[in-house]
Structures are given as C-alpha cells and as structure tokens.
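Notes for the structure review
Letter by letter, the chains look like this.
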Amino acid sequence: MSIIAWILIGLLAGAIAKALMPGRDPGGCLITMLIGIVGGLLGGWLGKVIFGVHSIKGFFHLSTWIAAVVGSVIVLAIYRLIAGRRTH
C-alpha cells in the first residue's frame, strides 16, 4: 500500500515542485505528473536509505510530504538539464 500512497503523494508533489521551480518545461501536465510520481518514489527511497526513516509514516505526516517534494525537485532539475540540452 505504501507504493500507491507514494504515487498519490507524488502527483501532488510534482505540482508543488513545479510551483517552486517556475519556468518553461518541455512536456506538459503529463510530464509534470510523471516527474512527481518518480520524485515521490525517489524521495521515499532516499528518506529510507539516508535517514533510516521507514517508507511512509502517514499520508498526512510532514516528513512524507517533504521527502516527496524534495525528490520531485531533484527529478525536475535533472529533467530540465537533460531536456534543455536537446533543444539547443
């Protein structure tokens, strides 16, 4: 069940990451949602590996959302670097 929760959190975290890092992205809403899902899963995994936090303490727990948003920002930054090189 925690994977499904991270996917749901990732959808919202992608939108938050996009708001924190405004600018033009190749893609659109679908790409932002996928980045959010991947970022949410990445944030959950990093939280578990680096900080020893269990996968998910609760859907409404602050650390869950922080991990998902940080993961989404990381994935969005990497995506912009890769996609930006292709367009130039």
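All of these numbers come straight from a predicted model, not from anything done at the bench. (Residues numbered from 1 in each chain as written. Predicted model: local features only at pLDDT ≥ 70, side-chain atom pairs only at ≥ 80, totals over all residues. Heavy atoms only, no water.)

1. Description of the overall build of the chain
Of regular secondary structure, the chain possesses three helices and zero strands. Mapped in sequence order, the helices and strands of the chain form the string α-α-α. Taken over 88 residues, the chain has a buried fraction of 32%. Across the chain, the fraction of contacts at a sequence separation of at least 24, relative to all contacts at a separation of at least 6, is 84%. Accessible area for the chain stands at about 5700 Å²; split by element, carbon and sulfur atoms hold 76% of it. (Helix = DSSP H or I, 4+ residues; strand = E, 2+ residues; numbered from the N terminus. Buried < 20%, exposed > 50% of the residue type's maximum accessible area, 1.4 Å probe, protein only. Contact = heavy atoms within 4.5 Å. Areas by Shrake-Rupley, 256 points an atom, 1.4 Å probe, with all protein chains shown as cover.)

2. Here's the deal with the nonpolar core
The tendency in soluble globular proteins is for nonpolar side chains to be buried side by side. With seven residues, the main nonpolar core is built from W6, I9, A13, W65, A67, A68 and V69. At the level of secondary structure, the elements contributing two or more residues to this core comprise α1 (2–20) and α3 (62–87). A per-element tally of this core places α3 first, with four residues. In terms of nonpolar packing, the next biggest core, distinct from the first, is built from five residues, A17, I35, V75 and L76 among them. (Core = buried A, V, L, I, M, F, W, Y, C linked by side-chain atoms within 4.5 Å.)

3. Some remarks on the UniProt feature "transmembrane region" (unreviewed entry) in the chain
Within this numbering scheme, the UniProt entry marks residues 27–47 and 59–82 as carrying the feature "transmembrane region" (unreviewed entry). Annotation note: span residues 27–47, helix share 90%, strand share 0%, distance between end C-alpha atoms 28 Å. (UniProt positions renumbered as here; feature names shortened; annotations may be inferred.)

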